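Examining the three-dimensional arrangement
Letter by letter, the chains look like this.
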Amino acid sequence: MSRFQYFVAASLDGFIATAKDDLAWLLQFDGFEGGEESYNAFMDGVGCIVMGGETYGWLMEHEPGKWPYPSTPCYVFTRHEHTAPAGSDITFVRGPVQEFIQDFTDDARGKNVWVVGGGNLAAQFAAAGHLDDLILSVIPVVLGDGKRLLPLEGPTAPLELTASRTLGRGIVELRYSFKPGGPAG
């Protein structure tokens, strides 16, 4: 059965990007010990990707003409018109996330669904009770402000820590599961 997983990196103070979508603070950690291994192991279990339009736009701006997930079906939630790069399997959608859950699960073919982000999209999945796991790499940087990790309206029920490990350069990977019944318990 597919699990909906938010695999993400955040600063010590809980931001996934600066207010202007700058990721230089994160990109300086590229190639850290254990990072590629963690990512590759995660991607081996991914059968479908879901991302927000801002994340898609950032990828297209910073990697023009390239699509990093050519063999994986991807859905992009957006209100804007986009074109998909050649060789990609991208579907652009609008509407509440719960309307597409079966599509994501079908395309995942028994593997997991990666909710790439951003935080607002992941929060929609969580609020709808369709976020199973938070896999968080805590980066040893304080941003002060920016785009929040999971901007929900209120507190969640306690998440269950299922694994943790220290990676290179002071990065800690934490794996949490939302308890049955969604983020509010």
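It should be noted that the structure appears before, not after, this text.
By the element assignment, Leu 23 lies in the loop between strand E2 (15-17) and helix H1 (24-27). Here Leu 23 falls in the buried class, since its relative accessible area comes to 16%. Each C-alpha atom, one on Leu 23 and one on Trp 58, is 10.0 Å from the other, the two residues being 35 residues apart in sequence. In this structure, Leu 23 is in contact with Ile 16, Ala 17 and Trp 58, ignoring residues within four places of it in sequence.

With that out of the way, let us pick up helix H5 (residues 119-127). Every buried residue of H5 is listed here: Gly 119, Leu 121, Ala 122, Ala 123, Phe 125 and Ala 126. Looking one or two residues past H5, Gly 129 carries a phi angle of roughly 80 degrees, positive in sign.

Glancing now at the pairing of strand E10 (residues 172-177). The sheet contact formed by strand E7 (residues 133-139) and E10 spans six bridges and is antiparallel. The residue of E10 that forms the bridge with Ile 135 is Arg 175. Hairpin connection of strand E9 (residues 160-166) to E10: five residues between the antiparallel strands, including Arg 169 at a positive phi of 60 degrees.

It is worth spelling out the environment of Pro 140 at this point. The residue Pro 140 is located in the loop between E7 and strand E8 (147-148) in this model. With 21 residues separating them along the chain, Pro 140 and Leu 161 place their C-alpha atoms 20 Å apart. The contacts of Pro 140, once residues within four sequence positions are left out, are Leu 12, Phe 29, Arg 169, Gly 170 and Ile 171.

This paragraph deals with the packing of aromatic side chains. In the structure shown here, the tally under the stated rule is 16 aromatic pairs. Connected via pairs of aromatic rings, a cluster forms that spans Phe 7, Tyr 39, Phe 42, Tyr 56, Trp 67, Tyr 69, Phe 92 and Trp 114.

So, on to the sheet that holds strand E4 (residues 74-77). A sheet is described by the order of its strands in space; here eight strands give the open sequence E5-E4-E3-E6-E1-E7-E10-E9, paired in mixed fashion. The sheet is open, and its two edges are formed by strand E5 (90-93) and E9, each paired on a single side. Sheet twist, expressed as the mean angle between neighbouring strand axes with direction ignored, is 20 degrees. Its contacts with the sheet place helix H4 (residues 101-108) against strand E1 (4-11), strand E3 (46-52), E4 and strand E6 (112-117), and it is angled at close to 145 degrees to E3.

What counts, and at which threshold
- Residues numbered from 1 in each chain as written.
- Predicted model: local features only at pLDDT ≥ 70, side-chain atom pairs only at ≥ 80, totals over all residues.
- Heavy atoms only, no water.
- Helix = DSSP H or I, 4+ residues; strand = E, 2+ residues; numbered from the N terminus.
- Buried < 20%, exposed > 50% of the residue type's maximum accessible area, 1.4 Å probe, protein only.
- Contact = heavy atoms within 4.5 Å.
- Pairing = 2+ DSSP bridges.
- Phe/Tyr/Trp six-rings, centres within 6.5 Å; stacked < 30°, edge-to-face > 60°.
- Axes fitted to C-alpha atoms, helices over the stretch in contact; angles between N-to-C directions.

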